[in-house]
Structures are given as structure tokens and as C-alpha cells.
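Residues per chain, in single letters:
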Amino acid sequence: MKYESYFNASGAGFYIQGLSEDSELRFPVFVICLCVYFSILSGNLMIVIIILANARLHIPMYIFLMNLSAVDIIYASNILPNLMSIMVTKNNAVTFTGCMTQMYIYIGLTCSEVLLLEAMAYDRYVAICHPLRYLLLMSMRHCAGFATASWTFSFLISIGHLVLICKQSFCGSHRINHFYCDIAPLLKLTCSNTFDVEVMNYIEGVLVTFHAFVCIIVSYLFIISAILKIKSSEGRRKAFSTCSSHLTCVIIFYGTLFILYMRPSSSYSPERDKFFALLSGVLIPILNPVIYSLKNQEFKIGFKNL
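Heads up: these notes are all about the structure in this document. (Residues numbered from 1 in each chain as written. Predicted model: local features only at pLDDT ≥ 70, side-chain atom pairs only at ≥ 80, totals over all residues. Heavy atoms only, no water.)

**Concerning helix H2 (residues 23-53)**
Between its first and last C-alpha, H2 extends 45 Å over 31 residues, near the 45 Å set by a 1.5 Å rise per residue. For H2, the set of buried residues is Arg 26, Val 29, Phe 30, Cys 33, Val 36, Tyr 37, Ile 40, Asn 44, Ile 47, Val 48, Ile 50 and Ile 51. (Helix = DSSP H or I, 4+ residues; strand = E, 2+ residues; numbered from the N terminus. Expected span 1.5 Å × (residues − 1). Buried < 20%, exposed > 50% of the residue type's maximum accessible area, 1.4 Å probe, protein only.)

**Considerations on unusual backbone geometry**
When glycine is set aside, most residues are seen to have a negative phi, and most peptide bonds are trans. In the Ramachandran plot, Lys 90 falls in the positive-phi region, its phi being about 60° despite a non-glycine side chain. Following the sequence through the fold, Lys 90 ends up in the loop between helix H3 (60-89) and strand S2 (93-95).

**Remarks on the side chain of Asn 288**
Mapped onto the elements, Asn 288 comes out in helix H10 (residues 270-294). Within polar-contact distance, the side chain of Asn 288 engages the side chain of Asp 72 at 2.6 Å. (Polar contact = N/O pair within 3.5 Å; in protein donor to acceptor, adjacent residues only side chain to side chain.)

**Section: the pairing of strand S1 (residues 13-16)**
Note: S1 against S2, 3 bridges, orientation antiparallel. Looking at the pairing, Tyr 15 lines up with Ala 93 of S2. Across 2 bridges, S1 lies against strand S3 (residues 175-176) in parallel orientation. Within S3, the residue paired with Ile 16 across the bridge is Ile 176. (Pairing = 2+ DSSP bridges.)

**Quick look at the packing of helix H4 (residues 96-129) against helix H8 (residues 195-228)**
Closest axis-to-axis distance for the H4/H8 pair is 9 Å, and the angle between their directions is 20°. Taken as axis vectors, H4 and H8 run roughly parallel relative to one another. Here H4 and H8 pass one another in a crossing that is left-handed. (Axes fitted to C-alpha atoms, helices over the stretch in contact; angles between N-to-C directions. Parallel < 35°, antiparallel > 145°, perpendicular 65-115°, else oblique. Left-handed = near helix turned anticlockwise from the far one by under 90°.)

**Notes on the pattern of salt bridges**
Pairing of side chains with opposite charge becomes possible as their charged atoms draw close. Applying the stated criterion across every chain yields a total of 1 salt bridge. Residues Arg 124 and Asp 123 are paired through a salt bridge, measuring 2.8 Å at the closest nitrogen-oxygen approach. The pair formed by Arg 124 and Asp 123 is uniform in burial state, with each residue classed as buried. (Salt bridge = Lys/Arg side-chain N within 4 Å of Asp/Glu carboxyl O.)

See below:
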């Protein structure tokens, strides 16, 4: 707790509580975080390398998957190394600039993943519902446009959150009851009116998260309708197998996202939010390589060729 008096006096930064303050748990949790981080890096880097090295995989479905893997790599690198550093050095201090940077990158990457999942749903919709027009509607030019727009729009709209949070006045212990800098625990430390930040949360939620969610649901309604019209059971099975991986990730991702952010800050629960933040930040990046790639025959061939 030696940092709290410093932060109270200077207001120069924050004190991140981390996952646990029990000194006996620091080493086991560090080892777990290290293994998880290595798994995320190795799995997602393997996806990127295989797709780049195999010309057969240079199609929209795998280009979006490669971008999703890049998001997961940066996502994990934005949080886990700092968390492991806290466990090893026992230095929980973070500067105001460092905290704001981590929060901005986190929000931007979350929005990017939302939009990439939407683009992947549209890709599956075109492939199943309009197979004869697939090459026209999902050309590499369109694919590059979707991917670029996902990254650009996400980090532009996240600037609004950054500006509003930076304008807040923070008081008290400056002790963030979380394992990284996020909006909800930061708002618990502010002395200012948080109405504008909460309005921004809902605006961004509607423009990005809810909009993408509706588009994904509509896409899958058309996809399911098209699959049910296929006469052979084998054809229906193959058609659905191309969407099952994406649908699984959408359910997990949106489930945790709605629980974490689509609610007023007054209902914030530190322990619950830590659990779902871990679920979102660790489980999804680990599962993505497994459910998207290892169960995919074309990707297995690309892996063997590499």
C-alpha cells in the first residue's frame, strides 16, 4: 500500500490492485498468466503466419481471421505483460498517461473485434445465401475495405472516451480495483459528474456493439433459412459447419461484453467484472485459434504444408 500515500498527495497516477493482493498467490498466478500469454501468442501468431504463407488461404474468410488474431495478440499484450510485471516487481504504480493509453488501446481493440465479427458474419451470409455472387460481393478489395474500416473507425470513435475520461477529476486513493485500466473502475475514482461518459458508453454501444449485433443476428436468420432449404442432410451439415465456429465466438464475446459495459456504472461489481474481464480477455483469444482453425480442414492442410 506504500503507493497510495504518494497518489493521494500528488494525484500523478494510479495504483492497480491486480488479481490478488495475497503474496502467496503471486507466483502461481504469475505462472498461469505466463502460460496463458504464451498460448495466446503462439496460437494466434501461428494463424497469421500460416495464412500469410499459404496463397490458398488468401480469401476473405481467412483475411478476417488473420485480423482477428492480430487483435487478440495486441489485446493480450496490452494487459498481461503489465499484470505479470506487477506480480514480479510488486510495483502496482501506473502513470496517468500509461493508464489512459492502456484504456484507449483496450477500447479500440474491443470495437475492432466487434466490427470484424460483423464482417465475418456478412462474409458467411454472402457465401451461403448468394454463392454465385460471392466473388463480386466479397472481392479482395471489399475485404481489405472492411478490415481497414474496422480498425480505423474503432480507434477514432474511442478517442471520445479518452477525451472524456482525461477531463475527469480523480480523488481518493487512486486505487483501481481491477487488473488493468478500464472505464468502470476509473469512474469509481472520479469526483466529477460521469453523465457524459455514460452517455458516450451508450452512444458507442449503439453505433458499434448493438449495430453489429443486429447485423449478425439478421445475417444468421438468412443463413439458417437458406440452410433449411438444402435438401440433403450432408449439405446442411457442411453449410452449418462453416458458421458454427464464428457463432460460438460471437455468443461468448457478446455475452461478456453486454455484462461488462451495457449497464449503468452504479451497478459496477469489482469481483464480478474482474471475472468477466478475464473471460473476455483470456478465454476468447485462446479459443479463437482452436475453434476457427484447428477444426478447419483447409487450415490443417496449410499447417502441414508450412
